[in-house]
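Architecture at a glance
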Amino acid sequence: NDGYKLWLQYNYIEDSDIRDNYLSHLNSVQYFGDSETINVIKEEISLAMKSLFGNDYLKNINKNGLIIGATSNLNTKILKKLKNEISNIQKDGFVIKQVKIGGIKQIVITAKTDIGVLYGTFNFLKRLQTHQSIDKINVIDFPKVDIRMLNHWDNLDRTVERGYSGFSIWDWHRLPNYIDTRYKDYARANASIGINGTALTNVNSNALILTPHYIEKVKAIADVFRPYGIKVYLTARFSAPIEIGNLETADPLDENVAKWWKDKTAEIYKEIPDFGGFLVKANSEGQPGPQNYGRNHIDGANMLADAVKPFNGIVMWRAFVYSEHDPDDRAKQAYSEFVPYDGQFRDNVLIQVKNGAIDFQPREPFHPMFGAMAKTNLMMEFQITQEYMGQGTHLVYQPKLYEEVLKADTYREGKGSFVAKVIDGSLHNKKITGIAGVANIGTDINWTGHHFLQANWYGFGRMAWNPYLKSSDIAEEWIKMTFTNEKAFVKPVKKMMVSSRETVVNYMTPYGLHHIMATGHHFGPGPWVDNLSRPEWNPVYYHKADENGVGFNRTNTGSNATAQYASAVKEIYNNIETTPEIYLLWFHHIPWDYKLKNGETLWNGLALKYQQGVNEVEEMKSTWNSLKKYIDPQRFKEISMMFDVQLNDAKWWRDSCLLYFQQFSKKPLPKGVEKSKITLEYFKSLKFPFAPGN
Ligand code: BDP
C-alpha cells in the first residue's frame, strides 16, 4: 500500500457480522437527478461498495436499500417522510435517514443541492469505513463555514514554496490538454472532507497566471473540480497591470488600472463562470501592493472587490504584513495596520489572518485581530504544510493546534467569544465566512511525503466544516479509514497523534520560545542567528537571551503587544503569574532562575522540556514498531524510517538549543538531560543550500 488512496481506502470489511448487517440495508441503490455531480456519486458508491463488500452487494431492488438525490428530485412519498429534516437543511448540508416506504427500509441521502448529496454520500461511506452502526440512521449536518479552502503555494515552474512532498501537482506545461488523474483524485479527497475551494497558485505570485494562455489551463482544472463542488481561486499579483497589461502603473485609484482588472476578471469568468475570486498578498515581504502608490489596503482590496462583484466573486486580502521600516514589535504590526480600517472594506472582501501574530510557529497565542474587527469579514489561515515543524518528516498532528486556536477565548464580546465564533461568523454576524489551509500536497505518491501528514489535510478539512469538532475524534476516524479499525492499533496510534503536537513544541520551542529556526529554509534550529539584514528575521530578536534571562517582553513594560487583546486577555498576559506557562517566553523576559509552577528553575525546566520532547519521540517510535503486524509492509517501513529522522532531529534541536542557551544561563544541565556529544560550533556550521520548499 503506497498511501495514494489516502483515507478513501475502503478496506474490505472482514468482520462478517458487521458486513452482513450492512448488506441487509444495502440491497439496492436508486439515484435521483441527473448532473455531473450525481455521476461522480454513482462512481464513488460503486467503487466503495465493491471494495468494502466484494461482489456481495446491491442485489435486490425490492429489498432494503439506498436512495440518493437532492430534495428537488425526490418523489413526494419520500419527501413526506422527511419533511422536518428537510426544512432544517442549511447551505450544502445533508440528511441521512432511514425511512420505511412500502414496507421496505430505505436509507435516504438527500440535500438541497447535489453537492450536499455528495457530502452526505461521503459521510455515509465514512460510517461504513469506520464500522459505525447504520441501523435507524438519522443524521443531519451542514458546514458551519462558507469558504473552506486550500491555499497552494505552488509556483508555475512546479516548485512549491514551503512544500515538502515533491513538486506541484499542477502540471502547467501539459495542461490544458493533458489531464492528470491526480486532479480528479484530489477533488474526490477534498470533497470527501467538505473542502470547496482551492487557490492554485503561490501568494508570492506570478502575473503570468492571469494571461489567456494560463487561464485556459486553469479552466481545464476548474472543469475537473466542478462536479466535486470545488471552486478555483487565483493569487493576483498587484503589479500585473504593468507586467502583463502594458500599463505604466498599478495604482488602484487609477481608472485604467481599475478597468484593466475589471476586464481581466470578465475574461476569467467567461472561461470559468464559477471562478471563486482572488487571494492577494500585498505589501508584504517584497510583494507589490497599493502602498507602492501611496494608497492603502482598503484602496487595493476594494478595487479588486469591485471587479469581481458582478460575478459574485470574493477577494481574500492577507493581513500578513510587517515592515522593516517599522521599529515596533513585529507581532503588533498586522493589527496596527488593519484594525483601524474596520468597516471600510467591501462586503465581498475577507481579510485572511494567520492563526498567530508571527508566523505558523509550533505554538503561538491566537492572533489579536480575531474578534477585533466586528464590521469586517475575517477568515483564518492555518498552515497545513509544516514549514516550522519538521517539514515533511516529523509526525505532528496539527488539528490539535487548530483546535487550541479555535477554542481560545478572545473575550471580545465577553466570556465565551471563542475564535471559532469569529470564524463561523456568529460572534459578529458576518456575511461571508472562511478558513484556509496552506496545503501540504505534492507529487509524492502518498501526496504528503509522510503518511501521517495526510491526517493534517484531512483534519483541516473536517475542522473547516465544523470548527467545534474535537481533534481527537477526527484522529480516530482518520486512523480507521486510512489504516484499520483494529482496536489494538487505533488506541495507541490515536494517543501518539494527539500528543505529537505537544512533543514538537517540547523539542523545538518550549515555554513560548518562537522563531528560533535556521535561516531561510527554517529547517532545524538556529537560535544563534543574528546577522540577517532585517532585525525581525533574526532568531535573537525573538528570544532575547542574555545573562539576565530569556524571552520577549510584550507586556505593558515591554512592547505592549498585550494591549492589542481584549482587556480580560491583556490582564492575563501582562501578569507573569497568570500567563499560562506555555506562553511564558512569548510575553515575558525572565531570569534563568525564575521559579516555574513545578518548582524547577526556568533553566532546568527548559532543559527538561527539550529532553522530554526527545523521550516522547522515542516512545512514538517504539509504539509504532510494536504495531507492525497490523499494517502493510510498505507504509510500516516508510513511517518507521520517518521516526528515525524525527528522533535524530529532536536530539539535534535539544542539543544545539541547550548548548546555545547554556552560554547565557551558565548553569549545568539538570539530572536526566543528556549531554550533547557534538559541539555548538558543529551545529552552527551546518548548511542546507538545497533544502526543499525554500
Ligand atoms: C512565511 C513563509 C514565506 C511565505 C510567507 C507568507 O516563510 O515563504 O511567503 O510566510 O505567508 O511563513 O506570505
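Residues numbered from 1 in each chain as written. Predicted model: local features only at pLDDT ≥ 70, side-chain atom pairs only at ≥ 80, totals over all residues.

Our focus in this paragraph is the sheet that holds strand S2 (residues 65-69). Read from one edge to the other, the open sheet built from five strands follows the order S1-S2-S4-S3-S5, with strand pairing classed as mixed. With partners counted over all chains shown, the strands left at the sheet margins are strand S1 (28-32) and strand S5 (138-141), one partner each. When strand polarity is set aside, the average angle formed by the axes of neighbouring strands in this sheet is 20 degrees. Bridge count between strand S3 (residues 94-101) and strand S4 (residues 104-111): eight bridges; the pairing is antiparallel. Residue pairing across strands places Lys100 opposite Lys105, the latter belonging to S4. In this fold helix H5 (residues 114-129) packs onto S2, S3, S4 and S5, with an angle of close to 130 degrees to the strand it touches most, S4. (Pairing = 2+ DSSP bridges. Helix = DSSP H or I, 4+ residues; strand = E, 2+ residues; numbered from the N terminus. Axes fitted to C-alpha atoms, helices over the stretch in contact; angles between N-to-C directions. Contact = placed C-beta atoms within 7 Å.)

This part is about the site of the ligand. Inspection of the region around the ligand gives Glu161, Arg162, Val203, Asn204, Lys281, Glu285, Phe320, Asp359, Phe360 and Glu387 as its neighbouring residues. Residues of the shell around the ligand, tallied by class, amount to three nonpolar, one polar and six charged. (Near = placed C-beta within 6 Å. Nonpolar A, V, L, I, M, F, W, Y, C, P; charged D, E, K, R; others polar.)

So, on to the domain arrangement of the protein chain. Split into domains, the protein chain comes out as domain 1 (16-141), domain 2 (147-482) and domain 3 (506-552 + 589-685). Look at where the C-alpha atoms of domain 2 and domain 3 centre, and you get two points 31 Å apart. Residue-level contacts link 19 residues of domain 2 with 17 residues of domain 3. (Domains from an automatic or database assignment.)

Contact geometry of helix H9 (residues 255-271) with helix H10 (residues 297-308) gives a least axis separation of 8 Å together with a crossing angle of 40 degrees. When the axis of H9 is compared with that of H10, the two are oblique. The handedness of the crossing between H9 and H10 is right-handed. Counting all contacts with H9, which are made through Ala258, Trp261, Lys262 and Thr265, the residues of H10 involved are Met303, Leu304, Ala307 and Val308. For the contact of H9 with H10, the class distribution of residues is six nonpolar, one polar and one charged. (Parallel < 35°, antiparallel > 145°, perpendicular 65-115°, else oblique. Left-handed = near helix turned anticlockwise from the far one by under 90°.)

A separate point is unusual backbone geometry. Backbone torsion omega between Leu175 and Pro176 reads 5 degrees, so that peptide bond is classified as cis. Structurally, Pro176 can be placed in the loop between strand S6 (147-151) and helix H6 (181-192). Backbone geometry at Glu285 places phi at a positive 45 degrees, although glycine is not the residue there. With respect to the secondary-structure elements, Glu285 resides in the loop between strand S9 (277-280) and H10. Phi is positive for Lys666, which is not a glycine, with a value near 55 degrees.

Our next topic: H9. With 17 residues, H9 should cover 24 Å at 1.5 Å per step; its first-to-last C-alpha distance of 25 Å lies within 8% of that length. What H9 keeps buried is the set Val257, Trp260, Trp261, Lys264, Thr265 and Ile268. Angularly, the buried residues of H9 cover 130 degrees about the axis, an arc narrow enough to put them on a single face. Among the exposed residues of H9, those pointing more than 90 degrees away from its buried face are Glu255, Asp263 and Lys270. (Expected span 1.5 Å × (residues − 1). Buried ≥ 20, exposed ≤ 12 C-beta atoms within 10 Å, placed from the backbone. Arc of directions from axis to C-beta.)

This part covers the nonpolar core. Judged by nonpolar contacts, the single largest core of 203 residues is most densely connected at Val280, Leu304, Val315, Ile351, Met369 and Val419. Ranked by the residues each element gives to this core, the list is headed by helix H20 (residues 602-625), at 10 residues. Other than its neighbours up to four places away in sequence, Met369 contacts Ala319, Ala334, Tyr335, Phe338, Val339, Val353 and Leu378. (Core = buried A, V, L, I, M, F, W, Y, C linked by C-beta atoms within 7 Å.)

This part is about the pairing of S3. Taking the residues between adjacent antiparallel strands as the criterion, S3 and S4 are bridged by two residues, where Gly102 takes a positive phi near 55 degrees. Examined bridge by bridge, S3 and S5 share four bridges and lie antiparallel to one another. Bridge pairing links Lys97 to Asn138 in S5.

On to the UniProt feature "domain: Glycosyl hydrolase family 67 C-terminal" (unreviewed entry) in the protein chain. As recorded in UniProt, the sites labelled "domain: Glycosyl hydrolase family 67 C-terminal" (unreviewed entry) are residues 448-673. Summarising residues 448-673: 53% helix, 0% strand, and an end-to-end C-alpha distance of 33 Å. (UniProt positions renumbered as here; feature names shortened; annotations may be inferred.)

With that settled, the discussion passes to the packing of helix H16 (residues 487-508) against H20. Interaxial distance between H16 and H20 falls to 9 Å at its minimum, and their mutual angle equals 155 degrees. With respect to H20, the axis of H16 lies roughly antiparallel. Crossing hand, H16 versus H20: left-handed. Contacts between H16 and H20 involve Pro492, Met496, Ser499, Ser500, Thr503, Asn506 and Tyr507 from the first element and Lys609, Tyr610, Gln612, Gly613, Val614, Glu616, Val617, Met620 and Thr623 from the second.

Per the UniProt record, "active site" (unreviewed entry) is annotated on Glu285, Asp359 and Glu387. A residue is classified by how many C-beta atoms lie within 10 Å of it, and Glu285, with 14 of them, is partly exposed. Structurally, Glu387 is set in the loop between strand S12 (378-383) and helix H12 (399-407). Glu387 has contacts with Arg162, Phe360 and His522, leaving out every residue within four places of it along the chain.

Turning to the sheet that holds strand S10 (residues 314-318), a few remarks are in order. If you walk around this closed barrel you meet the eight strands as S6-S7-S8-S9-S10-S11-S12-S13, and the pairing is parallel. For this sheet the average axis-to-axis angle between neighbouring strands, irrespective of direction, equals 25 degrees. Of the strand pairs in this sheet, S10 and strand S11 (residues 349-354) are connected by four bridges, and their pairing is parallel. Bridged to Trp317 within S11 is Ile351. Together, S9, S10 and S11 form the strand contacts of H10, whose direction differs from that of S10 by roughly 160 degrees.

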